[in-house]
Protein chains: 2
Amino acid sequence: MSRPRPVDRLIRALARLPGIGPKTSERLAYHVLRAEPELAQELVDAIAAARASTRVCSVCFNLDESDPCAICASPERDRALLLVVEDPRDVAAFDASGYRGLYHVLQGRLSTLEGIRVEDLTIAQLLARVGDGGFQEICLATNPDLEGEGTAEVLVERLRGRGARVTRIARGMPAGATIAQVSAAILADALQGRRELR
Amino acid sequence: MSRPRPVDRLIRALARLPGIGPKTSERLAYHVLRAEPELAQELVDAIAAARASTRVCSVCFNLDESDPCAICASPERDRALLLVVEDPRDVAAFDASGYRGLYHVLQGRLSTLEGIRVEDLTIAQLLARVGDGGFQEICLATNPDLEGEGTAEVLVERLRGRGARVTRIARGMPAGATIAQVSAAILADALQGRRELR
């Protein structure tokens, strides 16, 4: 005997989550079993409710309770500005920062390593949205890493000549950071992107 | 709008797990929502099944599907040897290492910092088990850290004079480790615990 089967099953289920290795999974499983029963119940209910009541927006591919999502349906958003992001989490993050335009969620980024191609993302749908007109600016907000930059480059080519200005989010020093502690790549970006003060 | 309410609820539920901060929780939640539905279903089922079908053994306080647990009930275990551990995870770990005696799970360790006292653990039940006789050796396998050692010291005092030999698991170099890479504390233990070769 090593572990009861239901505990083993729970450990294996938790280990399917990204970034959860076998040791962490074991720790989480035993916590779920030892904590007040309400914690396990709330996990079960929250997972089931979130799966049952969220769907992918057919316009922007964000996750929401309604389709079209609350952002696409809102009369208060700036409909001339489109922010292209990789992930629904990025929508939540930009919205919390005060952005009030619309979004397009790519559902990932291009990656030769992982075999993620143009047709695996919502790029055709993005081009169709832009082709319908109405956007003055399309800002590419993929991550400032190798694959995010590569994705932005491909998008710039495809979006060119469609009537909207295509921009890219700024790279530079993160607010609140200390120059002595950030990486050389960040400092190089901060220098390259320097702006004149008037 | 920042996030759909069911997603927020799931993020908050996952963040109640130990070692899962708000960012990790967000990543896990969106993974659960984006992965195949079977993953969420298996999590829900595994949590519910594990909670419903495991109980605490009334003899040794291990977690199992039956009470007494499979180990306490087994005719094949060495009933003269008792290994005292902090946690049910330690039972699984020692069993996988080939140990074939019985266990007593303390359900934690003494900690002045966290206010965990003798009466918060299963120490009274341990003394009662030992008082009933039958054990030749009681090996204390609390963790080799400050609180684990403190707990072992308290247990040694209380177990003394009850007819069983009280031992402590060895501290020293972990198998497979490299001397140049382990901590000074480990090397000090390895030296202090050195044994004569004959």
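Re the packing of helix α3 (residues 37–53) of chain A against helix α3 (residues 37–53) of chain B
At a minimum axis distance of 10 Å, the contact between α3 of chain A and α3 of chain B shows a crossing angle of 160°. One element, α3 of chain A, and the other, α3 of chain B, form an angle in the roughly antiparallel class. The handedness of the crossing between α3 of chain A and α3 of chain B comes out as left-handed. For the pair formed by α3 of chain A and α3 of chain B, the contact residues are P37, A40, L43, V44, I47, A48 and R51 of chain A on the first element and P37, A40, L43, V44, I47, A48 and R51 of chain B on the second. Here the residues of the contact of α3 of chain A with α3 of chain B are counted per class, giving 12 nonpolar, no polar and 2 charged.

Here we look at the domain arrangement of chain A
Domain annotation for chain A reports domain 1 (5–21 + 28–53) and domain 2 (77–168). A separation of 34 Å is found between the C-alpha centroids of domain 1 of chain A and domain 2 of chain A.

A few points about helix α6 (residues 123–131) of chain B
All names here are of chain B. Along α6, the residues classified as buried are I123, L126, L127, R129 and V130. The arc that holds every buried residue of α6, seen down its axis, measures 160°, which confines them to one face. Turned more than 90 degrees off the buried face of α6, the exposed positions are A124 and G131. Where α6 is buried, its residues meet α4 (70–73), β3 (78–85), β4 (101–105), β5 (137–140) and α7 (146–159).

A look at the pairing of strand β6 (residues 165–168) of chain A
All names here are of chain A. Alignment of strand β5 (residues 137–140) against β6, held across 4 bridges, turns out to be parallel. Along β6, the bridge assignment pairs I138 with V166. With respect to chirality, the unit in which β5 leads through helix α7 (residues 146–159) into the neighbouring parallel β6 is right-handed.

Quick notes on the relation of the copies chain B and chain A
Of the transformation superimposing chain B on chain A, the axial component is 0.0 Å and the angular component is 180°, with the fit at an RMSD of 0.0 Å. Classification of the inter-copy transformation places it as that of a two-fold axis. The C-alpha atom lying nearest the rotation axis in chain B is that of V44 of chain B; the distance is 2.4 Å.

Re the interface of chain B and chain A
Taken residue by residue, the interface counts 53 residues in chain B and 53 residues in chain A. When chain B packs against chain A, close to 5300 Å² is buried across both sides, 67% of that on carbon and sulfur atoms. Linking chain B to chain A there are 10 salt bridges. For the salt bridge of R16 of chain B with E38 of chain A, the shortest nitrogen-to-oxygen distance reads 2.9 Å. Where chain B touches chain A, the interface holds 18 residue pairs in polar contact (both at pLDDT 80 or more). Elements supplying a minimum of two residues to the side of chain B that touches chain A: α1 (5–14), α2 (22–34), α3, β2 (63–64), α4 and α5 (88–96) of chain B. Per-class residue counts for the side of chain B that touches chain A are 30 nonpolar, 6 polar and 17 charged.

A look at the pairing of strand β3 (residues 78–85) of chain A
All names here are of chain A. Inspection of the sheet shows β3 paired to strand β4 (residues 101–105) by 5 bridges, in the parallel sense. Bridge pairing in β4 links V85 to V105. Handedness of the crossover joining β3 and β4 through helix α5 (residues 88–96): right-handed. Sheet topology note: the β3/β5 ladder contains 4 bridges and is parallel. When the sheet's bridge partners are listed, L82 is paired in β5 with I138.

Points about the environment of H104 of chain A
Residue and element names in this part refer to chain A. Examined against the element boundaries, H104 turns out to sit in strand β4. Considering only alpha carbons, one finds H104 and E86, 18 residues apart in sequence, at a separation of 8.4 Å. Ignoring sequence-local partners within four residues, the contact set of H104 consists of V59, C60, F61, L82, L83, V84, V85, T122, Q125, L126 and R129.

Remarks on the pattern of salt bridges
Residues and elements named next belong to chain B. Per the stated rule, a full pass over the model turns up 38 salt bridges over all chains. Note that D8 and R3 form a salt bridge whose closest N and O atoms lie 2.8 Å from each other. Here D8 falls in the partly exposed class, since its relative accessible area comes to 22%. You can call R3 partly exposed: its relative accessible area is 24%. E26 is the salt-bridge partner of K23, the closest N and O atoms lying 3.9 Å from each other. Of the two residues, K23 and E26 are both situated in helix α2; the distance of 3 residues between them amounts to about one turn of the helix. Assessed through its relative accessible area of 65%, K23 is described here as exposed. For E26, a relative accessible area of 9% gives the class buried.

Rules used throughout
Residues numbered from 1 in each chain as written. Chains lettered and ligands numbered in written order. Predicted model: local features only at pLDDT ≥ 70, side-chain atom pairs only at ≥ 80, totals over all residues. Heavy atoms only, no water. Axes fitted to C-alpha atoms, helices over the stretch in contact; angles between N-to-C directions. Helix = DSSP H or I, 4+ residues; strand = E, 2+ residues; numbered from the N terminus. Parallel < 35°, antiparallel > 145°, perpendicular 65-115°, else oblique. Left-handed = near helix turned anticlockwise from the far one by under 90°. Contact = heavy atoms within 4.5 Å. Nonpolar A, V, L, I, M, F, W, Y, C, P; charged D, E, K, R; others polar. Domains from an automatic or database assignment. Buried < 20%, exposed > 50% of the residue type's maximum accessible area, 1.4 Å probe, protein only. Arc of directions from axis to C-beta. Pairing = 2+ DSSP bridges. Right-handed = clockwise from strand over helix to strand, strands pointing away. Least-squares fit on C-alpha atoms with pLDDT ≥ 70 in both. Buried area = accessible area lost by both parts, 1.4 Å probe. Salt bridge = Lys/Arg side-chain N within 4 Å of Asp/Glu carboxyl O. Polar contact = N/O pair within 3.5 Å; in protein donor to acceptor, adjacent residues only side chain to side chain.

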